[in-house]
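Residues per chain, in single letters:
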Amino acid sequence: MTMIRATERPKAVTEDRLITDQHLPIDERITRIEDDSILEVSNFSAYYGKFRALHNVSFQIPEKKITALIGPSGCGKSTLLRCINRMNDLVPSFHGEGEVTFRGQDLYAKDVDPVEVRRRIGMVFQKPNPFPKSIYENIAFGPKVNGMNVNMPALVEDCLRRAALWDDVKDKLKQSGLALSGGQQQRLCIARALATQPEVILMDEPCSALDPIATLKIEDLMKELSKDFTIIIVTHNMQQAARVADYTAFLMMREDRAGELVEFSDTDKLFTMPKDKRTEDYITGRFG
Ligand SMILES: Nc1ncnc2c1ncn2[C@@H]1O[C@H](COP(=O)(O)OP(=O)(O)OP(=O)(O)O)[C@@H](O)[C@H]1O
Ligand SMILES: [Mg+2]
């Protein structure tokens with residue numbers, strides 16, 4: 001199997017390991033892979049300087065399902081999401097403790113390339129943020145930077161089709177991505193995330209800047225994409241979690257303000273038969 005050096009970009013989309021120096025036999029590097037889980041967060045704590053934003057969070061993310069993260073503002077949902085693809089590495093004061101494993105590989109191991117992690121675990125943000133480039137270039141940029149050897153026009157079309165945007169933009173691929181409507185821009189960002197052929201897509205409140213119709217379009221799109229991708233979405237909208245997510249995780253702040261995972265369940269169960277009183281109080285609107 002071809003390995004990727006931490007200092008090199010991947011050369012082909014078929015390369016499927018994250019690390020180079022394989023000092024350990026594969027069995028010793030793999031901690032645990034449940035049949036249906038692609039990611040495992042184990043005893044993970046996140047810090048900004050001395051402030052602890054997450055406290056010993058542990059859960060597993062099932063593959064090709066939608067998992068929602070809910071909880072009051074400031075409980076660490078975005079932090080947790082950004083720890084899953086090492087986006088938080090970009091915050092100088094950040095450090096993490098514990099493990100995040102992706103297909104059994106510790107994502108914080110020394111020899112793992114964070115750029116490769118972000119290629120395989122893509123992200124869509126709250127505010128649509130297309131590059132100030134053409135629609136075509138928005139999609140082609142990631143594959144080019146990653147040195148992917150692909151039929152670019154075909155890839156661009158495929159990503160736009162998957163993001164339910166092709167019919168809207170097929171005649172104006174050279175126009176700026178910024179000239180699209182908010183909902184279209186967010187679908188462009190989803191198409192852009194798909195272009196580097198990730199396995200997981202993280203979405204941090206992807207609909208909070210959109211109107212109800214654009215929101216429903218994104219929700220339909222997420223359901224469609226979950227046939228092929230694992231999706232983790234942060235949302236403040238509990239109806240949205242109930243509509244789209246297969247599983248839901250509820251986080252809440254402790255007294256020291258660090259977020260902890262209170263409950264992780266099937267979405268139906270979490271909203272109808274929560275195990276924890278704090279979940280019940282939150283979903284019935286008693287706080288937060
Ligand atoms: N870059 C940062 N530097 C320092 N502290 C941060 C940073 N980002 C987040 N925090 C702190 O970490 C805690 C968790 O923040 P986070 O943004 O993860 O919460 P959240 O659950 O996503 O909130 P919201 O629902 O308002 O988006 C907060 O106390 C926040 O102030
Ligand atoms: Mg947030």
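In case you missed it, the structure is sitting above this.
First things first, this report covers the structure right here in the doc. Computed from a prediction, not measured in an experiment: that's the story for all the values here.

### Examining the pairing of strand β9 (residues 247–253)
Counting buried residues along β9, six of its seven residues qualify, which places the element largely inside the surrounding structure. Direction of pairing for β9 relative to strand β10 (residues 259–266): antiparallel, over a ladder of seven bridges. Within the sheet, the bridge partner assigned to M252 lies in β10 and is E260. The antiparallel pairing of β9 with β10 creates a hairpin that spans five residues between the two strands, and R257 there sits at a positive phi of about 75 degrees.

### Comments concerning helix α4 (residues 135–145)
Among all positions of α4, only I135, N138, I139, A140, G142 and P143 are buried. In this structure, the buried side of α4 is in contact with α5 (152–162), α6 (166–169) and α7 (182–195).

### Points about the site of ligand 1
Neighbouring ligand 1 are the residues Y48, A53, S73, G74, C75, G76, K77, S78, T79, V91 and S93. Take the shell around ligand 1: its biggest share by element is three residues, from helix α2 (residues 77–84). Tallied by class, the residues present in the shell around ligand 1 amount to four nonpolar, six polar and one charged.

### Remarks on the packing of α7 against helix α8 (residues 212–225)
Running from N to C, α7 and α8 point in directions that differ by 20 degrees, and their axes come no closer than 9 Å. By the angle between their directions, the pair α7 and α8 is classed as roughly parallel. Like other packed secondary-structure pairs, α7 and α8 cross with a definite hand, here right-handed. Only A214, K217, I218 and L221 of α8 make contact with α7, whose side of the interface consists of G182, G183, Q186, R187 and I190. Tallied by class, residues from the contact of α7 with α8 come to four nonpolar, three polar and two charged.

Cut-off values and rules
- Residues numbered from 1 in each chain as written.
- Chains lettered and ligands numbered in written order.
- Predicted model: local features only at pLDDT ≥ 70, side-chain atom pairs only at ≥ 80, totals over all residues.
- Buried ≥ 20, exposed ≤ 12 C-beta atoms within 10 Å, placed from the backbone.
- Helix = DSSP H or I, 4+ residues; strand = E, 2+ residues; numbered from the N terminus.
- Pairing = 2+ DSSP bridges.
- Contact = placed C-beta atoms within 7 Å.
- Near = placed C-beta within 6 Å.
- Nonpolar A, V, L, I, M, F, W, Y, C, P; charged D, E, K, R; others polar.
- Axes fitted to C-alpha atoms, helices over the stretch in contact; angles between N-to-C directions.
- Parallel < 35°, antiparallel > 145°, perpendicular 65-115°, else oblique.
- Left-handed = near helix turned anticlockwise from the far one by under 90°.

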